[in-house]
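Here are the chains, one letter per residue:
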Amino acid sequence: MIPRRLKRLYHQATLRDPAFKFLFEPGPEDEAVAFDCETTGLSVAKDDIITIAAVKIRGNRILTSEKFEVVARPDAGMRAEAIKVHRLLESDVESGGVIGQIIPDFLRFIGGRPLVGYYLEFDVAMINKYLKPLLGVELPNPLIEVSELYYDRKFGNAPAGTHIDLSFVHILDDLGLPALDQHDALNDAIMTAEMYVALKDLKERGVRISRDAR
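Residues numbered from 1 in each chain as written. Predicted model: local features only at pLDDT ≥ 70, side-chain atom pairs only at ≥ 80, totals over all residues. Heavy atoms only, no water.

**Student:** How would you summarise the pairing of strand β1 (residues 31-39) if you had to cite specific residues and measurements?
**Tutor:** Of all nine residues in β1, nine are buried, a share of seventy percent or more. By the bridge criterion, nine bridges tie β1 to strand β2 (residues 49-58) in an arrangement that is antiparallel. Bridge pairing links Thr-39 to Ile-49 in β2. (Buried < 20%, exposed > 50% of the residue type's maximum accessible area, 1.4 Å probe, protein only. Helix = DSSP H or I, 4+ residues; strand = E, 2+ residues; numbered from the N terminus. Pairing = 2+ DSSP bridges.)

As structure tokens, then:
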């Protein structure tokens, strides 16, 4: 596998549209963007994005007034399993925007800021699916995975055999954060941002999460 740093250099050199070179420049200091996608299914190759939502984070503040939220019209059919999760029907997305026009707006929203997510690899792969044909590059932004931050704060020094739960709901509950309606892209982005801010604060203060608590 090619290291992400080398990929970034390669993509910086092969970017098709110089108007998007800002992606390779550092974002505003101490800012990040939490984002989430809902899709027609769980196959990057066969499924499509139906909603993208993102919210900016500045320091320890979640800027809900600076949000990105769009519905996209998918080419792939809506899978029954996915509908049960995000509760969006064909009729809910048929008037959505064209993903090829949505992606540039998303890029301008995130800029060069680090991207925060929960199991971020899938969401990034879905964005790259459309971004690569459009600009010839993949997202170059630094990636911050909240489940890894949580693991480090709680299980980083755990003995062998320790039960590890990295589920979204468990992390939220263990951090004492309020639960919004899950599998709504904007709600998920906001809850992920809250996890990030809480875990970043714990790390900065050198505080670990007790494995006996809650």
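**Student:** Summarise the packing of aromatic side chains; cite the residues concerned and give the values.
**Tutor:** Counted under the stated rule, the structure contains eight aromatic pairs. Both rings, one in Phe-35 and one in Phe-106, keep their centres 5.4 Å apart while their planes meet at 50°; by these two values the pair is tilted. Within this pair, whereas Phe-35 is found in strand β1, its partner Phe-106 is found in helix α4 (residues 99-110), the two being separated by 71 residues in sequence. Accessibility assignment for this pair places Phe-35 and Phe-106 in one class, buried. Ring centres of Tyr-118 and Phe-168 lie 5.0 Å apart, and the angle between their planes is 80°; this geometry places the pair in the edge-to-face category. Highlighted residues: Tyr-118 in the loop between β4 (115-117) and α5 (120-135) and Phe-168 in helix α7 (residues 168-174), separated in sequence by 50 residues. The buried category is assigned to Phe-168, whose relative accessible area is 7%. One aromatic cluster in this structure is built from Phe-35, Phe-68, Phe-106 and Phe-109. The ring of Phe-109 has Lys-56 lying over it, and the distance from NZ or CZ to the ring centre is 4.8 Å. (Phe/Tyr/Trp six-rings, centres within 6.5 Å; stacked < 30°, edge-to-face > 60°. Lys NZ or Arg CZ within 6 Å of the ring centre and 35° of its normal.)

**Student:** Please give an account of the pattern of salt bridges that cites residues and values.
**Tutor:** One pass over the full model with this rule turns up 12 salt bridges. Between Glu-31 and Arg-113 there is a salt bridge, and its shortest N-O distance comes to 2.7 Å. In this pair, Glu-31 is assigned in strand β1 and Arg-113 in the loop between α4 and β4, connecting sequence segments 82 residues apart. Here Glu-31 matches Arg-113 in class, with each residue buried. Between Arg-153 and Asp-152 there is a salt bridge, with the nearest N and O atoms lying 3.2 Å from each other. You can call Arg-153 buried: its relative accessible area is 10%. For Asp-152, a relative accessible area of 34% translates into the label partly exposed. (Salt bridge = Lys/Arg side-chain N within 4 Å of Asp/Glu carboxyl O.)

**Student:** I'd like to hear about the environment of Ala-179, residue by residue, with values.
**Tutor:** If you trace the backbone, Ala-179 turns up in the loop between α7 and α8 (185-204). Residue class for Ala-179 comes out exposed when judged on its relative accessible area of 63%. Ala-179 has contacts with Leu-172 and Met-191, leaving out every residue within four places of it along the chain. (Contact = heavy atoms within 4.5 Å.)

**Student:** For a nonpolar patch on the surface, give the residues involved together with the corresponding values.
**Tutor:** Together, Ile-2, Leu-6 and Leu-9 give the surface a local cluster of nonpolar side chains, amounting to about 280 Å² of exposed area. Its place among the elements puts Leu-6 in helix α1 (residues 4-14). Taking the relative accessible area as the measure of exposure, Leu-6 reaches 39% and is therefore partly exposed. (Patch = residues over 30% accessible without salt bridge, like charges linked within 9 Å, V, L, I, M, F, W, Y side chains within 5 Å. Areas by Shrake-Rupley, 256 points an atom, 1.4 Å probe, with all protein chains shown as cover.)

**Student:** How would you explain the environment of Leu-135 if you had to name every residue and give the values?
**Tutor:** In this fold, Leu-135 is placed in helix α5. Look at Leu-135 and you get buried, because its relative accessible area is 4%. Placed 31 residues apart in sequence, Leu-135 and Pro-104 show a C-alpha to C-alpha distance of 9.6 Å. Apart from the residues within four sequence positions on either side, Leu-135 is in contact with Thr-14, Leu-15, Arg-16, Asp-17, Phe-20 and Leu-107.

**Student:** Would you mind going over the pairing of strand β3 (residues 61-71) in detail, with residue names and values included?
**Tutor:** Two elements, β2 and β3, share eight bridges in a ladder whose sense is antiparallel. The partner of Val-55 across the bridge, within β3, is Lys-67.

**Student:** Lay out the nonpolar core in plain terms, naming residues and giving numbers.
**Tutor:** Phe-35, Ile-52, Phe-106, Leu-107 and Ile-127 are the most contacted members of the largest nonpolar core, which totals 29 residues. Looking at this core, the elements with two or more residues in it are β1, β2, α4 and α5. Those residues in contact with Ile-52 that sit more than four places away from it in its chain are Phe-35, Asp-36, Cys-37, Phe-68, Glu-69, Val-70, Ile-99, Ile-102, Ile-103, Phe-106, Ile-127 and Ala-185. Formed by 28 residues, the second largest nonpolar core is a distinct cluster that contains Val-116, Phe-168, Ile-190 and Ile-209. (Core = buried A, V, L, I, M, F, W, Y, C linked by side-chain atoms within 4.5 Å.)

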